[in-house]
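Read off the chains here:
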Amino acid sequence: MALAHPAAAVPQHRRPLPLRVGTRGSPLALWQTRYFLDRVTRFCPVLRDAKAFEEHAITTSGDRIQDRKLAEIGGKGLFAKEIHEALLDRRVDFAVHSLKDLETEMPPGIVLACTLTREDARDCLLPGPALPACDPADPFAALPQGAVIGTSSVRRQSQLLYRRPDLRVTTFRGNVQTRLRKLAEGEAAATLLALAGLRRMELDPPGSVAIDPEIMVPAAGQGIVGVTVRADDTELHELLAAIEDPEARAVSSAERALLAALDGSCRTPIGGHARLLPNGRLRLTGLVARADGSFLLKRSEEGSARDAVRIGAELGHALRRDSPADLFA
Ligand SMILES: NCc1[nH]cc(CCC(=O)O)c1CC(=O)O
C-alpha cells in the first residue's frame, strides 16, 4: 500500500463541548455514528470524555417515504438533505453518512472531510425461509424460475434481471431489520442487501452469500462511512484528517467521480467499485444498465491511485458515451 497515513500529529482541541454529531436514526446509522466516535476519541484524547459528544438523530425525507423506490422519489439526496440543513444552521458540528447515500456534489458550505475504513463493499443475496442456501460460486442458481425478489435498488434489480430475466422484482424498502422481517414473512423469495450493513448489525442470515463484485457491481461508496463538516470549520477538519483512511478516500474518489461523470437521472442503474492493487495502482469497475436488465454495460479501468478522480471521470464519460442516450435523458 503506497498511500501514507496523514495522522502525523494528534490534533489539539479548543472549542466548547459537547460537539454535536448529526446522524439518521436507523440502527445502522447509529452504529456507524458510534464507530466514528470511537475512532475520533482514540485520536483525540481530550474528547475521550463520555460527555464530549451529543448525538442528534435527524429524520430525513428518505426515512419518511417508505413505500416507493428511491429512484421514483428523487434518489439519494433524500437521506442527507435535512442533515445538511442541520449542519449549515449550526445545530450540529459534523454529520455521519453512509457514503453511498450521499450525493456526489456537496451543497455549498459543506465538505466531505473524512472517509473511514471500508467494510466489505459487496452485495449479498439472502434466500427466504422457503429456499435452499445459496451457492457462493453461483449465487442466483438457488432462485426458482419466476421467483419474486425484494429490492428497491434499480442497480441490484438490473444486474439480477440481466442474468435471470425470468425473475420478478417487488419493492422492498425500510431499514435492514424491516427488510429481513419482510423476507421472513414471505413477501419475497429472496432479497439483496449490502454485506456491510449486515456485518455492522452483526446479522448473518442463514444461507446468504456475498456476490462477486464483478457479477453484482456495488454502489459507489458502499461500505464506507463518510463524515461531513462545514467548509469553514478548520478545527474539525484538522481533527478528522487524523482518522481519514487514505485507501477509502482513493477508492471512493474514483467511484464518486465515475458517478458524477455519469450524472444519471437517479432512475439509471449505476454501479462503481474500485480497489487498490499492491503496486499503488487502482482498478475501477463501472456499470450502467437498464432497470429491466435488457441493457448492461460494464467496463474497468486501471491507473495510479493518485489519479483516482481522473480514472473515475474518464470511465464515467466512456460508459456514458457508449450507452443509449435515453438512459441519461
Ligand atoms: N440505502 C440504504 C443503505 N445505505 C447503506 C447501507 C449499507 C451500508 C453501506 O453500504 O455502507 C444500506 C443498506 C443496504 O443497501 O443494504
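All of these numbers come straight from a predicted model, not from anything done at the bench.

Draft legend 1. Highlighting the sheet that holds strand β9 (residues 209-210). Within the open sheet, the five strands sit side by side as β7-β6-β8-β5-β9. Their pairing is mixed. Among the strands making up the open sheet, the edge pair consists of β7 (168-170) and β9. Strands in contact with helix α6 (residues 176-184) are β5 (123-127), β6 (148-150) and β8 (190-194); relative to β8, the strand with the most contacts, it is inclined by about 165°.

Draft legend 2. Main features of the packing of helix α9 (residues 246-262) against helix α10 (residues 308-321). Between α9 and α10, the least distance of the axes is 7 Å, while the angle of their chain directions is 30°. As summarised for this structure, α9 and α10 are arranged roughly parallel, according to the angle between their axes. Along this stretch, α9 crosses α10, giving a crossing that reads as right-handed. Counting all contacts with α9, which are made through A250, S253, A254, E255, R256, A257, L258, A260, A261 and L262, the residues of α10 involved are A308, V309, I311, G312, A313, L315, G316, H317, L319 and R320. When the residues that make up the contact of α9 with α10 are grouped by side-chain class, the tally is 13 nonpolar, four polar and three charged.

Draft legend 3. A look at the site of the ligand. Around the ligand, a shell composed of S98, K100, D101, V176, L193, A194, A196, G197, Q222 and G223 is seen. Contributing elements (two or more residues each) for the shell around the ligand: β8 and α7 (195-200). Considering only residue class, the shell around the ligand consists of four nonpolar, four polar and two charged.

Draft legend 4. Fine view of α10. Its 14 residues place the ends of α10 20 Å apart at the C-alpha level, agreeing with the 20 Å of an ideal helix rising 1.5 Å per residue. Buried residues along α10 sit in contact with α9, β12 (281-289) and β13 (296-304).

Draft legend 5. Representation of the nonpolar core within the structure. Within the largest apolar cluster, 76 residues are counted, with the highest numbers of intra-cluster contacts made by A95, C124, V227, L240, A254, L258 and L282. The dominant element in this core, judged by the number of residues it contributes, is α9, at eight residues. Leave out the neighbours within four places in its chain, and A95 touches V21, G22, T23, I83, L87, V227 and T228.

Draft legend 6. Quick look at the pairing of strand β10 (residues 225-230). Burial analysis of β10 places five of its six residues in the buried class, the great majority of the element. For strand β3 (residues 94-98) and β10, the ladder comprises five bridges, and the chain directions are antiparallel. Bridging from a neighbouring strand, A95 pairs with T228 of β10. The pairing of strand β4 (residues 110-115) with β10 spans five bridges and is antiparallel.

Draft legend 7. Spatial organisation of the sheet that holds β12. Within the open sheet, the three strands sit side by side as β11-β12-β13. Their pairing is antiparallel. At either margin of the open sheet sits one strand with a lone partner, and together these are β11 (270-276) and β13. Averaged over all pairs of adjacent strands, the angle between their axes in this sheet comes to 15°, without regard to strand direction. Relative to the sheet, helix α5 (residues 154-163) contacts β11, β12 and β13, its axis offset from that of β12 by approximately 80°. Packing against the sheet, α10 makes contact with β12 and β13, and its axis sits at approximately 25° to β12.

Draft legend 8. The confidence of the model for the protein, seen in detail. The share of residues in the protein with pLDDT of 70 or more is 91%, and the mean pLDDT across the chain is 91. For this predicted complex, the interface score ipTM comes out at 0.96, alongside a pTM of 0.92.

Draft legend 9. Expanded view of the pairing of strand β1 (residues 19-23). Pairing between β1 and strand β2 (residues 53-57): five bridges, direction parallel. Residue G22 lies in a different strand from β2, and its bridge partner there is H56. Once you follow β1 into helix α1 (residues 27-43) and on to β2, the crossover reads as right-handed. As judged from the two bridges shared by β1 and β3, these two strands associate in the parallel manner. Looking across to β3, one finds that V21 is bridged to F94.

Draft legend 10. Broad picture of the environment of A137. When you line up the elements, A137 lands in the loop between β5 and β6. Separated by 74 residues in sequence, A137 and I211 have C-alpha atoms that sit 8.7 Å apart.

Draft legend 11. Highlighting helix α4 (residues 81-88). Residues of α4 that are buried: I83, H84 and L87. The buried side chains of α4 occupy one side of the element, clustering within an arc of 100° when seen end-on. The inward-facing, buried residues of α4 contact β1, β3, β4 and β10. One or two steps after α4, the chain reaches R90, where phi turns positive at roughly 65°.

Here is what the cut-offs are and how they apply
Residues numbered from 1 in each chain as written. Predicted model: local features only at pLDDT ≥ 70, side-chain atom pairs only at ≥ 80, totals over all residues. Pairing = 2+ DSSP bridges. Helix = DSSP H or I, 4+ residues; strand = E, 2+ residues; numbered from the N terminus. Contact = placed C-beta atoms within 7 Å. Axes fitted to C-alpha atoms, helices over the stretch in contact; angles between N-to-C directions. Parallel < 35°, antiparallel > 145°, perpendicular 65-115°, else oblique. Left-handed = near helix turned anticlockwise from the far one by under 90°. Nonpolar A, V, L, I, M, F, W, Y, C, P; charged D, E, K, R; others polar. Near = placed C-beta within 6 Å. Expected span 1.5 Å × (residues − 1). Core = buried A, V, L, I, M, F, W, Y, C linked by C-beta atoms within 7 Å. Buried ≥ 20, exposed ≤ 12 C-beta atoms within 10 Å, placed from the backbone. pLDDT = per-residue confidence, 0-100. Right-handed = clockwise from strand over helix to strand, strands pointing away. Arc of directions from axis to C-beta.

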